[in-house]
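# Coordinate inspection notes
This is what each chain is made of:
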Amino acid sequence: MNGALLRLLLAVITIGLFVDVSAHPLGNFTINHFARIESGAAAARIRYVVDLAEIPTFQESQKADLNSDGNLTEAELNAYLDRVAPGYLAGLKLTVDGAPVALRLTGKSVSKRPGAAGLFTLRIVYELTGEFASTGAARRFRFENANMAERVGWREIVVAPAPGAQVFDSTAYGGGVTDELRAYPEDLLMAPLDERVAEWSTTTGQAPANAKPLTLRDGRPVVAARDRFAELIAAPNLTPGVILIGLLIAFALGGMHAMSPGHGKTVVGAYLVGSRGTAKHAAFLGATVTITHTIGVFALGFVTLFASRYVIPEKLYPILSFVSGALVVAIGMSLFTKRLRVSLGVAAHDHDHLHNHDGHDHGAGAHTHLPPGADGSEVTWRNLLALGVSGGIMPCPSALVVMLAAISMNRVGYGLVLIVAFSLGLAGALTAAGLAFVYGGKLLSRIPLSGKIMRALPAASAFVIAVLGAAICYQSLRQAGLDVADLWRADLETTTTTSALGVLIIGLGLGLRHALDTDHLAAVSTIVSERKNWFSSLLIGGLWGIGHTASLLLAGAAVILLRLDIGRYEKPLEFCVALMLIGLGANVLYKLSRGGRVHFHEHSHAGHTHIHPHLHDDKPDPAHSHHGLKLGFRPLIVGMVHGLAGSAALMLSVLMTIKGSTALAFAYIIIFGVGSIGGMMLMSLILSLPIHLTSGYFTKANLAVRALAGCFSLGFGLFMVYEIGFVDGLLK
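Residues numbered from 1 in each chain as written. Predicted model: local features only at pLDDT ≥ 70, side-chain atom pairs only at ≥ 80, totals over all residues. Heavy atoms only, no water.

### Comments concerning the overall build of the chain
Using the following cut-off: Every helix listed is a DSSP run of H or I at least four residues long, and every strand listed is a run of E at least two residues long, numbered separately from the N terminus. For every residue, the accessible area (1.4 Å probe, protein chains only) is compared with the maximum for its type, and the residue is labelled buried under 20%, exposed over 50%, or partly exposed between those bounds. In what follows, a contact means two residues having at least one pair of non-hydrogen atoms within 4.5 Å. For the accessible areas, the method is Shrake-Rupley and the probe is 1.4 Å, while residue cover comes only from the protein chains on display.
Looking only at helices and strands, the chain has 20 helices and 15 strands in total. Here the chain, with 732 residues, has 45% of them falling under the buried criterion. Long-range contacts, defined here as pairs at least 24 residues apart, represent 78% of the contacts in the chain between residues at least 6 apart. Only carbon and sulfur atoms are counted for the fraction: they give 66% of the accessible area of the chain, which is about 35800 Å².

### Focus: the packing of aromatic side chains
Quick reminder of the rule: The criterion for an aromatic pair is that two Phe, Tyr or Trp rings (for Trp, the six-membered ring) have centres within 6.5 Å, with stacked assigned to planes under 30 degrees apart, edge-to-face to planes over 60 apart and tilted to the rest. Either the NZ atom of lysine or the CZ atom of arginine qualifies as a charge over a ring when it sits within 6 Å of the ring centre and within 35 degrees of the ring normal.
For the structure shown, the criterion picks out eight aromatic pairs. With a centroid separation of 6.3 Å and 35 degrees between ring planes, the pair formed by F712 and F716 is classed as tilted. Placement of both F712 and F716 in helix α20 (residues 699–727) is noted, with a separation of four residues, approximately one turn of the helix. The exposure class of F712 is partly exposed, given its relative accessible area of 37%. Pairwise contacts between aromatic rings join Y48, Y88 and Y126 into one cluster. The ring of F120 carries K112 above its face, with NZ or CZ at 5.0 Å from the centroid.

### Some remarks on the side chain of R123
Mapped onto the elements, R123 comes out in strand β6 (residues 120–131). Those residues in contact with R123, other than ones at most four positions away along the chain, are V49, V50, S109, V110, S111, R113, E180, L181 and R182.

### Comments concerning the environment of S201
For clarity, the threshold we go by: The term polar contact refers here to a pair of N or O atoms within 3.5 Å; inside protein, the definition further demands a hydrogen-donor-capable atom paired with an acceptor-capable atom, and it admits residues adjacent in sequence only when both atoms are side-chain atoms.
Within the secondary structure layout, S201 lies in strand β10 (residues 197–203). Distance from S201 to D169, taken between C-alpha atoms, is 6.0 Å for residues 32 residues apart in sequence. Contact partners of S201, with chain neighbours within four places excluded, come to R139, R140, Q166, V167, F168 and D169. Looking at S201, its side chain comes within polar contact range of the side chain of R140, at 2.9 Å.

### Brief notes about the sheet that holds strand β9 (residues 166–168)
Spelled out, the test is: Paired strands are those between which DSSP finds at least two bridges.
Spatially, the five strands line up as an open sheet ordered β4-β3-β7-β10-β9, and their pairing is antiparallel. The open sheet has two free edges, formed respectively by β4 (99–100) and β9, since each of these has just one partner strand. Bridge analysis of β9 against β10 gives three bridges, and the strand direction is antiparallel. Paired with F168 across the two strands is S201, which belongs to β10.

### What about a nonpolar patch on the surface?
Going by this rule: Like-charged residues within 9 Å of one another, or nonpolar side chains (Val, Leu, Ile, Met, Phe, Trp, Tyr) within 5 Å, are grouped into patches, provided each residue has over 30% relative accessible area and no salt bridge. When a carboxyl oxygen of Asp or Glu lies within 4 Å of a side-chain nitrogen of Lys or Arg, that pair is called a salt bridge.
Together, F251, L416, V417, V420 and L424 give the surface a local cluster of nonpolar side chains, amounting to about 380 Å² of exposed area. A per-element tally of the nonpolar patch places helix α11 (residues 412–445) first, with four residues. Structurally, the position occupied by V420 is in helix α11. On the basis of relative accessible area, V420 is assigned to the partly exposed category, the value being 30%.

### Notes on the sheet that holds strand β2 (residues 43–52)
Where we set the bar: Lines fitted to C-alpha atoms define the axes here, with helix axes fitted over just the stretch in contact, and angles between the N-to-C directions of these axes take values from 0 to 180 degrees.
A sheet is described by the order of its strands in space; here five strands give the open sequence β5-β6-β2-β1-β8, paired in mixed fashion. Here the strands that pair on one side only, and so sit at the sheet edges, are β5 (103–114) and β8 (155–161). Direction aside, neighbouring strands of the sheet carry axes that sit 10 degrees apart on average. As judged from the 11 bridges shared by β5 and β6, these two strands associate in the antiparallel manner. Paired with G107 across the strands is E127, a residue of β6. Where helix α2 (residues 54–64) meets the sheet, its contacts fall on β1 (31–39), β2 and β6, and the angle it forms with β6 comes to roughly 80 degrees. Against the sheet, helix α3 (residues 74–90) contacts β2, β5 and β6, and its axis sits at roughly 50 degrees relative to β6.

### A word on the pattern of salt bridges
Applying the stated criterion across every chain, the model contains 17 salt bridges. Residue R47 is joined to E180 by a salt bridge in which the shortest nitrogen-to-oxygen separation is 2.8 Å. In this pair, R47 is assigned in strand β2 and E180 in the loop between β9 and β10, connecting sequence segments 133 residues apart. With relative accessibility at 22%, the residue R47 sits in the partly exposed group.

### Topic: the side chain of E195
Inspection of the secondary structure puts E195 in the loop between β9 and β10. One polar contact links E195 to R217, side chain to side chain, over a distance of 2.8 Å. Contact partners of E195, with chain neighbours within four places excluded, come to R155, E156, I157, Y173 and R217.

### Description of the pairing of β2
In terms of residue burial, β2 counts as a mostly covered element, since eight of its 10 residues are buried. Direction of pairing for β1 relative to β2: antiparallel, over a ladder of nine bridges. Paired with R36 across the bridge in β2 is R47. Counting the residues that bridge the hairpin from β1 to β2 gives three residues. With 10 bridges connecting them, β2 and β6 associate as antiparallel partners. Residue pairing across strands places D51 opposite R123, the latter belonging to β6.

### Comments concerning α20
Keep this limit in mind: Expected helix span is computed as 1.5 Å times (number of residues minus one).
If you check α20, its first and last C-alpha atoms are 41 Å apart, about what 29 residues at 1.5 Å a residue would give, namely 42 Å. All of the buried residues along α20 are N702, R706, A709, G710, S713, F716, G717, M720, V721, I724 and G725.

### Comments concerning α2
In terms of burial, α2 is largely enclosed, as eight of its 11 residues are buried. Those residues of α2 that sit buried are E54, I55, P56, T57, F58, E60, S61 and A64.

### Thoughts on the confidence of the model for the chain
Counted only if it meets this: pLDDT runs from 0 to 100 and stands for how confident the predictor is about each residue.
Scored by pLDDT, the chain has a mean of 74; 69% of the residues are at 70 or more. Taken together, the stretch residues 8–22 has pLDDT below 50 and engages in 21 contacts with residues farther than four places along the chain or on a different chain. Predicted confidence is poor over residues 617–629, with pLDDT under 50, and the contacts of this stretch with residues over four places away or in other chains come to 33 contacts.

### A closer look at the packing of helix α15 (residues 518–528) against α20
Heads up, the condition is: By definition, turning the near helix anticlockwise from the far helix through less than a right angle yields a left-handed crossing, and turning it clockwise yields a right-handed one. Only Asp, Glu, Lys and Arg are considered charged, only Ala, Val, Leu, Ile, Met, Phe, Trp, Tyr, Cys and Pro nonpolar, and every remaining residue, Gly among them, polar.
Packing of α15 against α20 brings their axes to within 8 Å, and their N-to-C directions diverge by 140 degrees. The two elements α15 and α20 meet at a crossing, and its hand is left-handed. Across from T518, D519, A522, S525 and T526 in α15, the residues of α20 making contact are A709, F712, S713, F716 and M720. Across the contact of α15 with α20, the residue classes tally to five nonpolar, four polar and one charged.

### A look at the nonpolar core
Rules: Among buried residues, those of type Ala, Val, Leu, Ile, Met, Phe, Trp, Tyr and Cys that are joined through side-chain atoms within 4.5 Å constitute a nonpolar core.
Ranked by size, the top nonpolar core spans 37 residues in total, and within it Y88, L94, I124, Y126, F143 and W200 carry the most contacts. Looking at this core, the element that brings in the most residues is α3, giving seven residues. Beyond its immediate stretch of four places on either side in the chain, W200 contacts I37, S39, L94, R139, R140, F141, F143, V159, V167, F168, D169 and S170. Listed in part, the 25 residues of the second largest apolar core include A522, V528, V577 and M720.

### A short note on the pairing of strand β7 (residues 139–145)
Side chains of β7 alternate between two faces, with R139, F141, F143 and N145 buried and R140, R142 and E144 left unburied. Taken together, the five bridges between strand β3 (residues 92–96) and β7 define a ladder with antiparallel strand orientation. Within β7, the residue paired with L94 across the bridge is F143. Where β7 meets β10, six bridges bridge the pair, whose relative direction is antiparallel. Looking at β10, one finds that F143 is bridged to A198.

Take a look at the structure:
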């Protein structure tokens, strides 16, 4: 008896002896099928799901486990999914009016879930599209699932109308009973569904008077949602009055669409409440949404018409949604860091300030050292533009239908003005929401005893913006078929606590060590050399670590989730680091070579006086802020560049150390990032010691230390250019 057969026999015996509540409800030998067909006038989309119980999963795992180590990794599962796809697709047959329709694979996924006796079940999902010419008349469809006809299991078929279509005279029902094989009804377990073939008719017009409507399994008819915006383009006679009414309806529908989730009303409100927003800002926001939404509809329509063979239009929606969320997260985090500093009183303290230039006093007075708007309370056009783009970047599918229908019906001009009117309605609703928040915030400021609330409101609203952006990103991943929560939950159930803890401890130590890399210290030292206090130097290291970790997480998502090969970009990115070091070092030396003048500041705090020097070049600084904790984005960007350059090596380490657990892989990257943040904060503090120790009475030594930091960064950058460009052959 060979090894595979012996393991199969042991699995059967184990399940028989130790069946528990996690066993497959239909039995451990079953293979179950679900198909949902969305039928339209020119295309049919099929979602095909296969649920394999413990025994067939064990059998298939022997084929998928290529190295026979007993551990079915994510890479092996995906390779298995690619191998079996042609067989599954060959068993699915779709015909339209008797003519076969070729099915094109547009998406796929595979996941394993805990089953009985420590075994697993497999869930396979295929997304398919069949395209055919549209005739405008009713079409007769037939779908057959001939896969594994001899195997026992549940077989379910559901038919649904595509937007703008009607389904009638169907042998299949319009609703399922198992939530795509996730939950089986107990009353049908002894007599599972066996739906292998379905036939139905589809039309974009009115169904025949004697047609049987599509029904649910309880006999209730399926009520197709009307797309009132798409119906406007099909008006039989376009008189001036009909056009005017159509535009008014489109405007109203656009406003109603803005009230649906996903267009950033809460984000807009949180931003304008926390900032000094005005009606002018709200109007600019609305105009940006209008333009972005209109351009997005036309761009997606172009893709649908001319590039659908290369880019699947429906796959663009999750990507656009993720971009929208990422923009919101970036705005929220930027505002949160600025506003939190002010709320905590770190940068906005008032004190007596006496300037002394060359021994001469230049006046004193109580003032804040934060430039106007540096606290993030001022509305910036850049942030407004980003918010507007994030609100309008997701084109409404109904608007896309209107555009395509306008082209097919030769009503391009009418379709164009309908889309513009719809976008104006969308923007008008968002503008109205913004104005409501603006004036609501002003009313709140008049409430007695609301001072503490008003001081905390800007930072709180910025945090809300970031959280909402993260939620948009998470939802976009789910739309793309990446159910991150379920994936991580399944991974964690297969990972022992001891092994995971050991791996994470190693990741933390390596992250601390990673902060000591020479190119990292060279870059951060140039920024720390310009800092004026210990706390700001510490924050420089923290910002560098956050940027570094953000890049590693992006690279991790590309490698672990999308399985991209980023190794080819390692040397070019390291070369970019070299150029960055040269720029940072040259910038420090340039400022010192400008004949920078040193003047001394005498500060008085609660009766205590202290003096420290400042270095300025000859350029006037209208927003001269001596103590303002204005860190800027430079350390964050430098950290991101370093993170991208080192991501290839880290991903190789992660994939070699952690196999088969996506959750643990991301946890490792996060813990590694935490270690690098802590390590760089400590190193930034250490690097700042000679600068701050010499700042009081050893001015020449202080300038020498800063010049040394610039020379070190410049020299090491030139060395890296030589090594990577000529020794490694990147520039040859």
